[in-house]
Amino acid sequence: MTTSRNSSRNRLMAAAASLAIAGAIGFGAVTTGTAPVLADAVKVDAVQVPSFADVVEQVSPAVVSVRVKAKIQPTSDGGPGFFSGPNGFDDLPDDHPMKRFFKEFRFGDRGNADRPRRFDRRDRKRGEARPVAQGSGFFISEDGYLVTNNHVVEDGTAFTIVTDDGKELDAKLIGSDSRTDLAVLKVDGKGQKFTYVDFADDSKARVGDWVVAVGNPFGLGGTVTAGIISARGRDIGAGPYDDFIQIDAAVNRGNSGGPAFNLSGQVVGINTAIFSPSGGNVGIAFAIPASTAKQVVKDLMKSGTVERGWLGVEIQPVTDDIAESLGLASSKGALVSSAQDNSPAKKAGIVPGDVITQVDGKDVASTKELARLIAGYAPGKSVDVTVWRNGKSETIKVNLGALPASDKLASADNLGTPSEPDTLADLGLTVTRSEDGKGLVVTDVDPDSDAADRGIQAGDVIVSINSQEVNGTGDVDKAMSDAAKAGRKSVLIQISRNDTNRFVALPVAKG
């Protein structure tokens, strides 16, 4: 009995050992010292980059493609591009500053991504409309108002909106503003309610924050790219109110008018320009800030136009030399080179040589800042303008006018035929009195002088020096002497050239 019981126990143990070995082989377990050791799959426990999918899913229905048609016009060999001739930017000399600017800063798409066919005389005779632009836009109200760029729609006679789900809807132009490159369209949805987005408070947006651009690059609607805010307050020479947000999200032709969202799904900026020597995305794009767009869009929806306050001055930056010559503590503010005839500034008593330092208590850091501040007021608004004049601050009350459709330059006096040549040796200038006795005409400039270095040329007229009218060389000598006695290192000379005034700071000592 005992022997039988032991025999059964031995058979059970052997079976269990065989099963364990088979299981170990089947699952790759190590049972002997010679079996290979298999490593675990790689898994990195790290902070995950947030997905943009939730934002994109919510905002995409509000973003649309904008197709624009216009009456057929003869096309040039250069095609319908923004920079093409005839008499376009391509026809400018290679060294012309405007040609260089528009080659570097591309303002969206003025043609389809694919080059359209040329139209023949029969097409033009029929007066058919053809596509001239294809950009982006976004709804800002449930009843069909949407925002895009002015340069997308400015030549259009018919507008079609393509929604995120592929529906095509006709739209009409409510209004546009070329100065900020914004436009508002309206879709008649026949009672349909549209998904729309709102503007963000871009003052809270910081360099380094994520942005998501949604648009219609090269006609590829619903394209999403992401990046960060690269810089703020960019001035790219596009207009008097330049204050662009720079982003590095991929923006290409056709993205114009499309939104750049923050992670809350609000519009931080409207994509309007790219820096691109080659024409493609290089990671530098510019968006109109939401704060600028919000007010302009509101005005366009209300009346179809934008009314801005108008001061009526020509201004230039305050350089360190100019600040020193005027006794200013810093090179901030906007130097008035002239006040236009019948302008609010001239009526209020603002004169050339004044440096505008504040408007209604708000500091003016630069010429751009002054332009934006004044434009933010409604015509007829009374504002306090603080100027630096004759070594002290003065406050002048100005009733702002309405900004004219086209800026007018202040007219200059007829200079007549110069006579009585004389020299201003300390300044390196040869001058003569103008025929009407107002100012000194520069007839020669010493090429090694400070005057030449600062761009003074023969034909320029010296109108004033340190805000004092100049009628002869004695006025210049006196002003130089007074500046030296006051411990100034330079004098501020007002120059008139081709009906335009500017100021130049020249050292008191012989240069």
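Residues numbered from 1 in each chain as written. Predicted model: local features only at pLDDT ≥ 70, side-chain atom pairs only at ≥ 80, totals over all residues. Heavy atoms only, no water.

On to the overall build of the chain, then. On a plain count of helices and strands, the chain comes out with 11 helices and 28 strands. The buried share of the chain, reckoned over its 511 residues, is 45%. When contacts within the chain are restricted to residue pairs at least 6 apart in sequence, those whose partners lie at least 24 apart make up 61%. On the chain, roughly 26800 Å² of surface is accessible, and the fraction owed to carbon and sulfur atoms is 50%. (Helix = DSSP H or I, 4+ residues; strand = E, 2+ residues; numbered from the N terminus. Buried < 20%, exposed > 50% of the residue type's maximum accessible area, 1.4 Å probe, protein only. Contact = heavy atoms within 4.5 Å. Areas by Shrake-Rupley, 256 points an atom, 1.4 Å probe, with all protein chains shown as cover.)

What follows covers a nonpolar patch on the surface. Where nonpolar side chains cluster on the molecular surface, the patch consists of Val 49, Trp 210 and Leu 263 and spans about 280 Å² of accessible area. Tracing the backbone through its elements, the reader meets Leu 263 in the loop between strand S11 (259-261) and strand S12 (267-275). Residue class for Leu 263 comes out partly exposed when judged on its relative accessible area of 40%. (Patch = residues over 30% accessible without salt bridge, like charges linked within 9 Å, V, L, I, M, F, W, Y side chains within 5 Å. Salt bridge = Lys/Arg side-chain N within 4 Å of Asp/Glu carboxyl O.)

Of the two faces of strand S10 (residues 244-247), the one lined by Phe 244 and Gln 246 and the one lined by Ile 245 and Ile 247 are each fully buried. When strand S9 (residues 223-234) meets S10, the two strands line up antiparallel, connected through 3 bridges. Bridging across to S10, Ile 229 finds its partner in Ile 247. With 3 bridges joining them, S10 and strand S13 (residues 285-289) adopt antiparallel strand pairing. Residue Ile 245 lies in a different strand from S13, and its bridge partner there is Ala 287. (Pairing = 2+ DSSP bridges.)

On the surface, a cluster of negative charge is contributed by Asp 426, Glu 469, Asp 475 and Asp 477. The topology assignment puts Asp 475 in helix H11 (residues 473-485). (Lys, Arg positive; Asp, Glu negative; His and termini not counted. Charge placed at Lys NZ, Arg CZ, Asp CG, Glu CD.)

Position of Asn 262 among the secondary structure elements: in the loop between S11 and S12. In contact with Asn 262, other than residues within four places in its own chain, are Val 55, Ala 200, Trp 210 and Val 268.

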